[in-house]
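Topology and contacts: notes
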Amino acid sequence: VIIVDDDIGISEIIEVVAHSMGFSVHTATNAKAFMDIYAQSNPSIILMDIVMPDMDGIELLNWLTERNCTVPIVLISGYDGRYLDMASRVAEVNGANILGMLTKPFDLSEIEVHLRNVLNSADN
């Protein structure tokens, strides 16, 4: 699992849930750190904040699709849900594999659902 969110508290919450489900987790607080981690790992899922100070999520999604990323992605935002919808549509048009969206604040069970979907697809 790779988590990229400039809100360290959100990353820590997701990390705890992912670890409890048996995932290995890498976290990044900015796009550059994410890019470095992504280049050195083989994630089964990416959980990505859309609004970050150095590069927004749409730019990062474009960077991923340029690299033919097929990893399932969960988009996260504390902003209006329409922003998530727009980011999801842009990402899907560009070929990204958008698994779902989370609006902050979210319930831990929402994270578990997405992670369980990844585990279930790996079993098939």
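Heads up: the structure comes first, above all this text.
Residues numbered from 1 in each chain as written. Predicted model: local features only at pLDDT ≥ 70, side-chain atom pairs only at ≥ 80, totals over all residues. Heavy atoms only, no water.

Things to note about the pattern of salt bridges
Within the structure shown, the criterion is met by 4 salt bridges. Lys32 is paired through a salt bridge with Asp36; the nearest N and O atoms lie 2.9 Å apart. Separated by 4 residues within a single helix, Lys32 and Asp36 lie in helix H2 (residues 31-39), roughly one turn from each other. Asp36 sits in the partly exposed class, given a relative accessible area of 35%. Between Asp49 and Lys104 there is a salt bridge, with the nearest N and O atoms lying 3.5 Å from each other. One end of the pair, Asp49, is in strand E3 (residues 46-49); the other, Lys104, is in the loop between strand E5 (98-103) and helix H5 (108-123), with 55 residues separating them in the sequence. Overall, Asp49 belongs to the buried group, its relative accessible area being 3%. (Salt bridge = Lys/Arg side-chain N within 4 Å of Asp/Glu carboxyl O. Helix = DSSP H or I, 4+ residues; strand = E, 2+ residues; numbered from the N terminus. Buried < 20%, exposed > 50% of the residue type's maximum accessible area, 1.4 Å probe, protein only.)

Focus on the environment of Leu99
By the element assignment, Leu99 lies in strand E5. C-alpha of Leu99 to C-alpha of Ile14: the two residues are 85 residues apart in sequence and 16 Å apart in space. Those residues in contact with Leu99, other than ones at most four positions away along the chain, are Ile45, Pro72, Ile73, Val74, His114 and Val118. (Contact = heavy atoms within 4.5 Å.)

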